[in-house]
Amino acid sequence: MDISFLGGPAPQRGVGVVAPFDFALDRELWRWVPDDVSLHMTRTPFVPVEVSLDLARLVSEHETLGEAVRTLNAITPEVIAYACTSGSFVGGVVGERAMCEAMTWAGAVPSVTTSGALLDALAELGVRRVALVTPYTVSVTRALEAYVAEAGVAVTGCAFMGLTRHIWRVPYRDVADMARQAVPSPGSADALFISCTNLPTYDVIPQLEAELRIPVISANQVTMWAALRRLGTPAVGPYQALTDPSARIGPTVPGPVGPAVAGPVGPAVADMPGVGDGPETEQQQEGWT
């Protein structure tokens, strides 16, 4: 059978993705991408460090990012996305912007990071009060709270898991349970953010939005949404507020509002049962696996 009349595969637009060495959810990123866009993945070098602030700093060093981006230059992606939440918020807002500049300089194309995309998504949705779900330890979760607060968004609730490895194995039911803890009542937050690109979220977002009656955004979702927006292409996926404006819900029913972030340590985390301020408690949290 002569198939030469087909003319070959359809042209593809490229998104380069730099991910940490332990990233395990390539397929989840692909699910938000339309058929005419390809993801070109590369990973940072392995380091024998568990998920922590130290690891976040190691996988976000400018030299490491530059080398990763240069491995993608031969295939000429149109945008570069750094797919790591903690690695892109660990240096604060200024540090995130510097990371984008370093990647753009190395690849000569626009660059986005997960944490920068988070702030863009919050602005897109008009969010001033956000609840957080993280798989992290206390110290990493507090760093995320500080980053969001620095951007002028109040954290009204938080739930975290205390994990230092194997985050990609967390089932959807655990993510949903954490979401309900972070948003205990209607009106307590304008949106929910589920952090960490290694935490599966694709299928749970529409269900949580229907239950909580607020936009639910996740690390992988905002990363792909921001990268594709640089191409002028919408992300695809099931009915959800960020990618489908028709799914955006109006003001929630007024209800009790939790305390906002008051500095680098958010009260929402510090007030949780079993979480104290002393070093002994912090060490115990860091040990959860």
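Just above sits the structure.
Cut-offs applied
- Residues numbered from 1 in each chain as written.
- Predicted model: local features only at pLDDT ≥ 70, side-chain atom pairs only at ≥ 80, totals over all residues.
- Heavy atoms only, no water.
- Pairing = 2+ DSSP bridges.
- Helix = DSSP H or I, 4+ residues; strand = E, 2+ residues; numbered from the N terminus.
- Axes fitted to C-alpha atoms, helices over the stretch in contact; angles between N-to-C directions.
- Contact = heavy atoms within 4.5 Å.
- Phe/Tyr/Trp six-rings, centres within 6.5 Å; stacked < 30°, edge-to-face > 60°.
- Buried < 20%, exposed > 50% of the residue type's maximum accessible area, 1.4 Å probe, protein only.
- Right-handed = clockwise from strand over helix to strand, strands pointing away.

> I'm lost on the sheet that holds strand β6 (residues 154-160) in this one. Help?
Across a sheet, strands are paired by hydrogen bonds formed along the backbone, either parallel or antiparallel in direction. Taken together, four strands build an open sheet; the order of strands is β6-β5-β7-β8 and the sheet is parallel. Edge positions in the sheet fall to β6 and β8 (216-218), since each has one partner strand and no second. Ignoring strand direction, the axes of neighbouring strands in this sheet form an average angle of 20 degrees. Sheet topology places strand β7 (residues 191-194) next to β8; three bridges connect them, and they run parallel. Residue Phe 193 lies in a different strand from β8, and its bridge partner there is Ile 217. Here helix α7 (residues 138-150) sits on the sheet and contacts β5 (129-134), β6 and β7; the angle it forms with β6, its principal contact strand, is near 160 degrees.

> Would you mind showing me how to read the packing of aromatic side chains here?
The relation between two aromatic rings is expressed through the spacing of the ring centres and the mutual angle of the planes. Scanning all chains against the criterion turns up four aromatic pairs. Here Phe 89 and Tyr 147 contribute two aromatic rings whose centre-to-centre distance is 6.3 Å and whose plane-to-plane angle is 35 degrees, an arrangement assigned as tilted. A residue pair is termed long-range when its members are at least 10 positions apart, and Phe 89 in helix α4 (residues 85-89) and Tyr 147 in helix α7 qualify at 58 residues. By the burial criterion, Phe 89 is buried, and Tyr 147 matches it. One aromatic cluster is present, built from ring pairs that chain together Phe 89, Tyr 136 and Tyr 147.

> I'm lost on the sheet that holds strand β2 (residues 37-43) in this one. Help?
With respect to topology, four strands assemble into an open sheet ordered β2-β1-β3-β4, the strand pairing being parallel. Two strands in the sheet have a free side with no partner beyond their single neighbour: β2 and β4 (111-113). Strand-to-strand twist of the sheet, defined as the mean angle between neighbouring strand axes without regard to direction, takes the value 25 degrees. Sheet topology note: the strand β3 (residues 79-82)/β4 ladder contains three bridges and is parallel. Note that in β4 the partner of Ile 80 across the bridge is Ser 111. The sheet strands contacting helix α5 (residues 92-107) are β3 and β4, and the helix crosses β4 at an angle near 145 degrees.

> Looking at this structure, I do not really get the pairing of β7. What am I missing?
Within a regular strand, the side chains alternate between the two sheet faces. Where burial is concerned, the two faces of β7 agree: the one with Ala 191 and Phe 193 and the one with Leu 192 and Ile 194 are both buried. As paired elements, β5 and β7 share four bridges and run parallel to each other. Residue pairing in the sheet places Val 130 in a bridge with Ala 191 of β7. In terms of handedness, the path from β7 via helix α9 (residues 204-212) over to β8 forms a crossover that is right-handed.

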